[in-house]
Amino acid sequence: VQLQACGGGLVQAGGSLRLSCAASGRTFSNYDMGWFRQAPGKEREFVAAISWRGGSTYYADSVKGRFTISRDNTKNTVYLQMNSLKPEDTAVYYCAARRIGSIVTMGGEYWGKGTQVTVSS
């Protein structure tokens, strides 16, 4: 699976951004999808995930109520709507895909190149 994320940028605190991740190469609908992020000097961390049919979603406590993950299997795309952004959300955001096992605990089998999100105070 090839993954291409886009939609990052610079936004003021309290603002919104929507990230997109387009997949190609294999049957997208067979894969659970997730978003992870890595801030400078920190390890990559889980942000949100969605099951292959879209029926189940999972969020890190730090983003619950502010971020929403969704997917469109007809477009082979997963989205991350980010609202009420905070400076601590500043990071490089990566999308990931996993077919077997928990993407939340195991991370992705496939990773896209990241997209930078910067939230100014």
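Higher on the page you've got the structure.
Keep in mind that what you see is a predicted model, and the values were worked out from it rather than measured.

**Student:** Any chance you could explain the nonpolar core here in plain terms?
**Tutor:** The tendency in soluble globular proteins is for nonpolar side chains to be buried side by side. In terms of nonpolar packing, the biggest core is built from 35 residues, with W35, L80, M82 and Y93 touching the most fellow members. Among the elements of the structure, β1 (2-6), β3 (17-24), β4 (32-38), β5 (45-50), β7 (67-72), β8 (77-82), β9 (91-98) and β11 (115-120) are those that each provide at least two residues to this core. M82 has contacts with G15, S16, L17, L19, R66, F67, Y93 and V117, leaving out every residue within four places of it along the chain.

**Student:** Just to check I follow, could you spell out the packing of aromatic side chains for this structure?
**Tutor:** Where two aromatic rings form a pair, the distance of their centres and the angle of their planes describe that pair. Taken as a whole and judged by the stated rule, the model has 3 aromatic pairs. Relative to Y110, the ring of Y31 lies with its centre 6.1 Å away and its plane at 75°, an arrangement referred to as edge-to-face. In this pair, Y31 is assigned in the loop between β3 and β4 and Y110 in strand β10 (residues 110-111), connecting sequence segments 79 residues apart. Overall, Y110 belongs to the partly exposed group, its relative accessible area being 25%. Above the plane of the ring of Y94 lies R44, whose end atom (NZ or CZ) is 5.0 Å from the centre. The positively charged end of R44 is found above the aromatic ring belonging to W111, 3.8 Å away from the centroid.

**Student:** Looking at this model, I keep getting lost on unusual backbone geometry. Mind explaining?
**Tutor:** If a residue is not glycine, its phi is most likely negative; likewise, a peptide bond is most likely trans. With a phi angle near 55°, N76 is a residue other than glycine that sits in the positive phi range. Among the structural elements, N76 can be located in the loop between β7 and β8. Here the phi dihedral of S84 falls at roughly 50°; this positive angle occurs in a residue that is not glycine. If you trace the backbone, S84 turns up in the loop between β8 and β9. Take S84: its relative accessible area is 41%, and that puts it in the partly exposed class.

**Student:** So what exactly am I meant to see when it comes to the state of the cysteines here?
**Tutor:** Covalently bonding the sulfur atom of one cysteine to the sulfur atom of another cysteine gives a disulfide. As enumerated under the stated definition, the model contains 1 disulfide in all. Disulfide pairing places C21 opposite C95 at an S-S distance of 2.0 Å. Classification of the bridge connecting C21 and C95 rests on its S-S torsion, roughly 50°, and on that basis the disulfide is right-handed. Of this pair, C21 sits in strand β3 while C95 sits in strand β9, placing them 74 residues apart in sequence. A relative accessible area of 0% means that C21 is categorised as buried. Given a relative accessible area of 0%, C95 falls into the buried group.

Cut-offs and rules
- Starting afresh in each chain, residues are numbered from 1 along the sequence in its written order.
- Under the rules for a predicted model, residues below a pLDDT of 70 receive no local features and side-chain atom pairs below 80 are neither given nor counted, while totals for whole chains, interfaces and linings still include all residues.
- Computation of side-chain values covers all heavy atoms of the structure but excludes hydrogens and water.
- Buried Ala, Val, Leu, Ile, Met, Phe, Trp, Tyr and Cys residues form a nonpolar core when they are joined through side-chain atoms within 4.5 Å.
- Type-normalised accessible area, obtained with a 1.4 Å probe on protein chains alone, sets the label of each residue: buried when under 20%, exposed when over 50%, and partly exposed for intermediate values.
- Here a helix means four or more residues in a row that DSSP labels H or I, a strand means two or more in a row labelled E, and each is numbered from the N terminus.
- When checking whether two residues touch, look at their non-hydrogen atoms; a contact exists if any pair is within 4.5 Å.
- Working definition: rings of Phe, Tyr and Trp (its six-membered ring) pair if their centres are within 6.5 Å, and the pair is stacked with planes under 30 degrees apart, edge-to-face with planes over 60 apart, and tilted otherwise.
- Lysine NZ or arginine CZ positioned within 6 Å of the ring centre and within 35 degrees of the ring normal marks a charge as sitting over the ring.
- By definition, disulfides here are pairs of cysteine sulfur atoms that lie within 2.5 Å.

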